[in-house]
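Per-entry structural report
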Amino acid sequence: MRVGSAVYHRDRYLAGTDCDRANDLNAMFADPAVRAVFAARGGFGAARVLEFLNFEAIRKDPKALVGFSDTTALQLAIYSRTGMVSYSGVTVCGDFTASGMPETTETSLWNALNLGRFDEMAGVTALRGRVAGGRLLGGCLSVVASLVGTGYMPDTGGALLVLEDVNEAPYRVDRMLTQLRMAGVFERAAGVVFGQFEGCEPERNVEGTVDDVLREFSTSVAAPVFCGLPYGHAEGRRVLPIGLRATVDGSRGTLTIESQ
């Protein structure tokens, strides 16, 4: 992979060594001419660079960081250490295609980066409670679960946790939610909002569905719980600002994000 004048070689399933990838990111945040950083793709590897990041440099010159899925680790860690807001819902290789970007996603990204505006999101259903509000944290469920017990997981007290995932069987979704619950992630959360769970089908019909898992989960926590947010690995997802405040209203079926 070529970045600037340097040539980096793949390291197994990674685009380069952890230090090389972290150095690239540190250089981007240290360069005042760079005003936005886009993740190329998801997969795995973002968590491996966290210990090599210069969080002080990131704090001194916050800029738009756009990513999705595996980038959840990077976005939550940066928020935890610096309070910088980032944008979840788009990767370059996954969304900038020859046929263009889905209109809903493109408009959502443009409004977020250029106008600091976030249109109201509809389709939300209340599973427990009716209204909740707090700063948005979360992203890909499996990545969020992997940060528990590390120094990079932000404090979820008062947060509105948004969770989604892809290609995880219902029992695996159940396992991750159970881990987060037992770790106390939901104890002081203002609410939990589930997005899309794309391709999360059971291996056998008798095992039940992801919807069954989410409904049961809603009975095991004290916080309000909602589902149906148009955010996840399916087409037509919306871009979410990680770290901004939002309110979800189950009666109206909406999630509203405060403008920057």
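Every chain is numbered on its own, with residues counted from 1 as its sequence reads. The predicted origin of the model limits local features to residues at a pLDDT of at least 70 and limits the giving and counting of side-chain atom pairs to 80 or more, whereas totals for whole chains, interfaces and linings rest on all residues. Water and hydrogen atoms play no part in the side-chain values, which are based on all heavy atoms of the structure.

Some thoughts on the sheet that holds strand E5 (residues 86–88)
In this analysis, strands are considered paired if DSSP registers two or more bridges between them. Only DSSP runs of H or I covering at least 4 residues are called helices, and only runs of E covering at least 2 are called strands; the numbering of each starts at the N terminus. Spatially, the four strands line up as an open sheet ordered E3-E4-E5-E12, and their pairing is mixed. Two strands lie at the open edges of the sheet, namely strand E3 (36–38) and strand E12 (240–242), each paired on one side alone. Averaged over all adjacent pairs, the angle separating strand axes in this sheet is 25 degrees, with direction ignored. In terms of strand pairing, strand E4 (residues 64–67) meets E5 through two bridges, oriented parallel. Each residue of the ladder has a partner; that of glycine 67, found in E5, is serine 88. We call two residues contacting when some pair of their heavy atoms lies within 4.5 Å. To get an axis, fit a line to the C-alpha atoms, keeping to the stretch in contact for a helix; angles then go from 0 to 180 degrees between the N-to-C directions. The strands touched by helix H5 (residues 103–115) are E3, E4 and E5; relative to E4, the strand with the most contacts, the crossing angle is about 165 degrees.

A closer look at helix H7 (residues 170–182)
Along an α-helix, a turn takes 3.6 residues, which lines up residues three or four apart on a common side. For a helix, the expected span equals 1.5 Å multiplied by the residue count minus one. Counted at 1.5 Å a residue, the expected span for H7 with its 13 residues is 18 Å, and the 18 Å between its end C-alpha atoms agrees. Relative accessibility thresholds used throughout: buried, under 20% of the residue-type maximum; exposed, over 50%; partly exposed, between the two (1.4 Å probe, protein chains only). Restricting attention to buried positions, one finds in H7 the residues Pro170, Val173, Met176, Leu177 and Leu180. One side of H7 holds all its buried residues, which, seen down the axis, span an arc of 130 degrees. Close packing links the buried residues of H7 with helix H6 (141–147), strand E9 (159–166), strand E10 (191–198) and helix H8 (210–218). Summarising the geometry, the arc corresponds to the directions from the helix axis toward the C-beta atoms.

Regarding the nonpolar core
Across soluble globular proteins, nonpolar side chains show a tendency to be buried alongside one another. One finds Leu177, Phe186 and Phe194 to be the most contacted residues of the largest nonpolar core, which totals 49 residues. Element by element, the count of residues in this core is highest for helix H3 (residues 72–82), at six residues. Leave out the neighbours within four places in its chain, and phenylalanine 186 touches Leu161, Leu163, Leu177, Leu180, Arg181, Val192, Phe217, Val221 and Ala223. Counting 27 residues, the second-largest nonpolar core is a separate cluster that includes Val66, Ala112, Phe118 and Leu136. Think of a nonpolar core as a cluster: buried Ala, Val, Leu, Ile, Met, Phe, Trp, Tyr and Cys residues, connected wherever their side-chain atoms sit within 4.5 Å.

A word on the side chain of aspartate 70
Residue placement: aspartate 70 occurs in the loop between E4 and H3. Lys and Arg are tallied as positive, Asp and Glu as negative. Neither His nor the chain termini are counted. Just to be clear on terms, a salt bridge is a Lys or Arg side-chain nitrogen sitting within 4 Å of an Asp or Glu carboxyl oxygen. This buried residue, aspartate 70, is left without a salt bridge; arginine 21 holds the nearest opposite charge, at 6.3 Å. N or O atoms closer than or at 3.5 Å make up a polar contact, with two conditions inside protein: a donor-capable atom paired with an acceptor-capable one, and, for residues adjacent in sequence, both atoms drawn from side chains. A distance of 2.9 Å separates a polar atom in the side chain of aspartate 70 from the backbone nitrogen of alanine 46.

Focus on the confidence of the model for the protein chain
The pLDDT score gives, residue by residue, the confidence of the prediction method on a 0 to 100 scale. Taken residue by residue, the protein chain gives an average pLDDT of 93. The fraction at 70 or more is 97%. Across residues 1–5, confidence stays below pLDDT 50; counting only partners more than four residues off in sequence or on other chains, it has eight contacts.

Quick notes on the packing of H7 against H8
Packing of H7 against H8 leaves a shortest axis separation of 8 Å and a crossing angle of 25 degrees. As the angle between them shows, H7 and H8 are arranged roughly parallel. When you trace H7 past H8, the crossing you get is right-handed. Listed contacts from H8 to Pro170, Val173, Asp174 and Leu177 of H7 are Val210, Val213, Leu214, Glu216 and Phe217. Roughly parallel means an angle under 35 degrees; roughly antiparallel means over 145; roughly perpendicular covers 65 to 115; every other angle is labelled oblique. Two helices crossing with the near one rotated counterclockwise from the far one by less than a right angle form a left-handed crossing, whereas a clockwise rotation gives a right-handed crossing.

Some details on a nonpolar patch on the surface
Without a salt bridge and with relative accessible area above 30%, a residue can belong to a patch; like charges are then joined within 9 Å and nonpolar side chains (Val, Leu, Ile, Met, Phe, Trp, Tyr) within 5 Å. Areas reported here follow the Shrake-Rupley algorithm with a probe of radius 1.4 Å; residue values treat only the protein chains shown as occluding. Residues Phe38, Val92, Phe96 and Leu113 make up a contiguous nonpolar surface patch of about 300 Å² in total accessible area. Of note, valine 92 is situated in helix H4 (residues 92–95).

A word on the sheet that holds E9
The strand order across the open sheet built from eight strands is E6-E14-E13-E8-E9-E10-E11-E7, with neighbouring strands paired in mixed fashion. Because the sheet does not close on itself, it has two edges, and the strands there are strand E6 (121–122) and strand E7 (125–128). Direction of pairing for strand E8 (residues 131–140) relative to E9: parallel, over a ladder of six bridges. Of the residues in E9, the one forming a bridge with glycine 139 is leucine 163. The strands touched by H8 within the sheet are E7, E10 and strand E11 (225–227), with E10 carrying the most contacts at an inclination of about 170 degrees.

So, H3
Burial runs high along H3: nine of the eleven residues are buried. Among all positions of H3, only Thr72, Ala73, Leu74, Gln75, Leu76, Ala77, Ile78, Tyr79 and Thr82 are buried. Of the residues trailing H3, glycine 83 is marked for its positive phi of about 80 degrees.

Some thoughts on the pairing of E8
Within E8, eight of the ten residues are buried, leaving the element largely enclosed by the surrounding structure. In this structure, E8 lies alongside strand E13 (residues 245–249), joined through five bridges in antiparallel fashion. The residue bridging glycine 134 from the neighbouring strand is alanine 246, located in E13.

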